[in-house]
Amino acid sequence: MFISKEHELAYKLLQNTDYENAVRKYSDCIKANPNAPELYSERGVAYIHLKEKDKSLADFDKSVELQPDYAYRYASRGHAKDFFGDIDGAIFDYETAAELDPNDAIVYNNLGLLLEKKGNMMTAKQHYDRSDELRKQEENLQQIVEDIERGPLDDAEIQSNITGSVEEISDEKSTSGELKKIFTEKNQWKEFLRFIKNGFRIK
């Protein structure tokens, strides 16, 4: 999670709301690791709390520049733009995040909130509905994990319980869609079952 001890210290300062010292510590980290997008993104959060608009957005811009294919970078910048009153810019960034990761419930929820601010209630509702759908899928996946952890179950019981948990999952491009494929295709199911029996280790 942390790229150095200094990064961990900076993060703790941020979590403890010591934003000025967090900025200083992140700045030291950036000097040592100038190509680490997470450092800019996290310092950008500190600048949000310090109401330093230009510095915050500059950091989020840098994090996007360094990691342009990572949805979270756009979502983070979208949050900053919303905070500083740029609703249209925030919508653009959240839409980009949704394109890069179409399975992030929070992104769709935040898009709904922004579109509602703009008075676009119909599109906002579509995003809220998508967010609810994704959250339901996440709950199904959590149920799968709980079913497995409860064990010990035999192969038939595990397959029955887990298959029931993914009955309503239909998005084949989603993570949960891939899981549904595992639970319905015999050979993939056997591989997954072997993975479980090995203590979630590939042998």
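Residues numbered from 1 in each chain as written. Predicted model: local features only at pLDDT ≥ 70, side-chain atom pairs only at ≥ 80, totals over all residues. Heavy atoms only, no water.

1. Describing the overall build of the chain
Inclusion rule: Where helices and strands are cited, they refer to DSSP runs of H or I of at least four residues and of E of at least two residues respectively, numbered from the N terminus. Contacts are assigned to residue pairs with any non-hydrogen atoms lying within 4.5 Å of each other. Here the Shrake-Rupley method, with its probe set to 1.4 Å, supplies the accessible areas, and only the displayed protein chains count as covering residues.
Looking only at helices and strands, one finds 11 helices and 0 strands in the chain. Along the chain direction, N to C, the helices and strands of the chain fall in the order α-α-α-α-α-α-α-α-α-α-α. For the chain, the proportion of contacts with a sequence separation of at least 24, taken over those separated by at least 6, is 43%. When the accessible area of the chain is evaluated, it comes to approximately 12,000 Å², of which 50% is carbon and sulfur surface.

2. What about the packing of helix α1 (residues 5–15) against helix α2 (residues 19–32)?
Basically, it comes down to this: Between the N-to-C directions of two axes lies an angle of 0 to 180 degrees, each axis being a line fitted to C-alpha atoms and, for a helix, fitted only over the stretch in contact. Each angle gets one of four labels, with under 35 degrees taken as roughly parallel, over 145 as roughly antiparallel, 65 to 115 as roughly perpendicular, and the rest as oblique. In this scheme, a crossing is called left-handed if the near helix is turned counterclockwise away from the far one by less than a right angle; it is called right-handed if the turn is clockwise.
Orientation of α1 relative to α2, taken along the N-to-C sense of each, is 160°, at an axis distance of 8 Å. Viewed along their axes, α1 and α2 adopt a mutual orientation that is roughly antiparallel. The interaxial crossing formed by α1 with α2 has left-handed handedness. Packed against α1, whose contacting residues are E6, H7, L9, A10, Y11, L13 and L14, the element α2 presents Y19, N21, A22, K25, Y26 and C29 at the interface.

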